[in-house]
Amino acid sequence: MDTVMQDTPLKSNPLNIVNGFRYVPGDHYLENITFKQLKDFKQFYAQQVTEDPYAPGVRDRAMIKLVFNPYSLKLSVSNTQNYFQSYGANETDGGKVRVFPPLSESIVDDPLFLTVLRKDAELMREYCNRMGKDELNLSIHLIRYKSIEGGASYSSPVWLHLDDEPLVFIHLINLTENALGADNVISEMDNKPKHVLRLTKPLDTLIVDTMKKHAVTPLGSTGGVAYRDVMLVNLEAEVQQKK
Ligand SMILES: [Fe+2]
């Protein structure tokens, strides 16, 4: 009887989109992307990211906020470009508005980005169907973790957490072969790691909702500078629109 009482609210929870997490191999996205589009996007990415003012020497970033209708696929640049997380979601940088280096508006015409977004729109429609919405505030983050041998780069927040965002798509763009660590970890609310996986190939993707916690372990290097380049497609929550 206890089990039934525990299971029912979870299954009927409209925020349960992927039951905590879903791993999607990069091939799912790459089937509609050419080698040249991937090469061009990597070049664009490298041009866009600059030092994260909140983590100098640890990460490079760029960010843009967009308004997106996942049914019509209509896309536009948001009027506000500030990024806010609650303190509950990020003890390191939450509770304050962060202004990141801007990501060029030209991303809305990038063929790789549009292909990825159209695939992500399938789950966004699921969210919209449940919440009675048709327009979403997205934040697109390019985050480059970089580390020299013996050093470390790390995420904010640094360990297991729940995001404010009801849905986050973590798309790997590139992981260099000299990378150490950078494993994704999933836990229940008890903070005990239950699943470990690693995004290694271009567009390998981890999708997370708020049913389970997640983290990524710090990045090190076996020699030279190691990079982990990801693109986050974040579906923002109402609490993040207040600032
Ligand atoms: Fe997160």
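Look up: the structure comes first, before these words.
First, a word on scope: everything that follows refers to the structure included in this document. Small disclaimer: the values here were computed from a predicted structure and weren't measured.

1. A few points about the overall build of the chain
Then, in step 1: Counting its regular elements, the chain contains 4 helices and 15 strands.
Then, in step 2: The C-alpha radius of gyration computed for the chain amounts to 17 Å, which stays within 12% of the reference 18 Å derived for 243 residues, consistent with globular compactness.
Then, in step 3: Principal-axis analysis of the C-alpha atoms gives the chain an extent of 55 × 40 × 40 Å.
Then, in step 4: Sorting the 243 residues of the chain into buried and exposed places 35% on the buried side.

2. Re the sheet that holds strand β10 (residues 184–187)
The strands making up a sheet associate through backbone hydrogen bonding, with each pair oriented either parallel or antiparallel.
Then, in step 1: As summarised here, the arrangement of the 3 strands in space is β11-β10-β13, forming an open sheet in which the pairing is antiparallel. Because the sheet does not close on itself, it has two edges, and the strands there are β11 (193–197) and β13 (213–216). The mean inter-strand angle of the sheet, taken between neighbouring strand axes irrespective of direction, is 25 degrees.
Then, in step 2: The pairing of β10 with β13 spans 4 bridges and is classified as antiparallel. What sits directly across from Ile186, in β13, is His214.

3. Thoughts on the environment of Asp27
Then, in step 1: Note that Asp27 resides in helix α2 (residues 27–30).
Then, in step 2: For the pair Asp27 and Ile170, spaced 143 residues apart in sequence, the C-alpha to C-alpha distance is 15 Å.

4. Describing unusual backbone geometry
Then, in step 1: A cis amide bond, omega 0 degrees, links Ser156 with the succeeding residue Pro157.
Then, in step 2: Within the secondary structure, Pro157 is located in the loop between β7 (136–147) and β8 (167–175).
Then, in step 3: Residue Ala182 is not a glycine yet carries a positive backbone phi of 60 degrees.
Then, in step 4: Relative to the helices and strands, Ala182 resides in the loop between β9 (179–181) and β10.
Then, in step 5: With phi around 70 degrees, Leu203 is a residue other than glycine that occupies positive phi space.
Then, in step 6: One can find Leu203 in the loop between β11 and β12 (205–208).

5. Comments concerning the pairing of β12
Then, in step 1: As defined by bridge partners, strand β1 (residues 21–24) adjoins β12 across 4 bridges and the pair is classed as antiparallel. What sits directly across from Phe21, in β12, is Val208.
Then, in step 2: In this sheet, β12 lies alongside β8 in antiparallel orientation, the contact comprising 4 bridges. Following the sheet pairing, Ile170 is matched in β12 by Leu206.

6. Details of helix α4 (residues 111–131)
Along an α-helix, a turn takes 3.6 residues, which lines up residues three or four apart on a common side.
Then, in step 1: Here α4 is 21 residues long and its end C-alpha atoms lie 29 Å apart, about the 30 Å a rise of 1.5 Å per residue gives.
Then, in step 2: Roughly 35 degrees is the biggest bend found in α4, and it falls at Glu122.
Then, in step 3: For α4, the full list of buried residues reads Leu112, Phe113, Val116, Leu117, Asp120 and Met124.
Then, in step 4: Buried positions along α4 lie against α2, α3 (35–48), β7, β8 and β15 (226–235).
Then, in step 5: Where α4 terminates, the next one or two residues include Gly132, which has phi positive at roughly 65 degrees.

7. Focus on the pairing of β10
Then, in step 1: Bridge count for β10 against β11 is 4 bridges, and the pairing is antiparallel. Bridge pairing in β11 places Val185 opposite Val196.
Then, in step 2: Hairpin geometry of β10 and β11 is characterised by an intervening segment of 5 residues between the two adjacent antiparallel strands and by a positive phi of about 65 degrees at Asn191.

8. Observations regarding the environment of Asn79
Then, in step 1: With respect to the helices and strands, the residue Asn79 is situated in the loop between β4 (75–77) and β5 (83–84).
Then, in step 2: Sequence separation of Asn79 and Val67 is 12 residues, and the distance between their C-alpha atoms is 9.0 Å.

Thresholds applied
- Residues numbered from 1 in each chain as written.
- Predicted model: local features only at pLDDT ≥ 70, side-chain atom pairs only at ≥ 80, totals over all residues.
- Helix = DSSP H or I, 4+ residues; strand = E, 2+ residues; numbered from the N terminus.
- Rg over C-alpha atoms; globule rule 2.2 N^0.38 Å.
- Buried ≥ 20, exposed ≤ 12 C-beta atoms within 10 Å, placed from the backbone.
- Pairing = 2+ DSSP bridges.
- Axes fitted to C-alpha atoms, helices over the stretch in contact; angles between N-to-C directions.
- Expected span 1.5 Å × (residues − 1).
- Bend = angle between axes of the 7 residues up to and from the residue.
- Contact = placed C-beta atoms within 7 Å.

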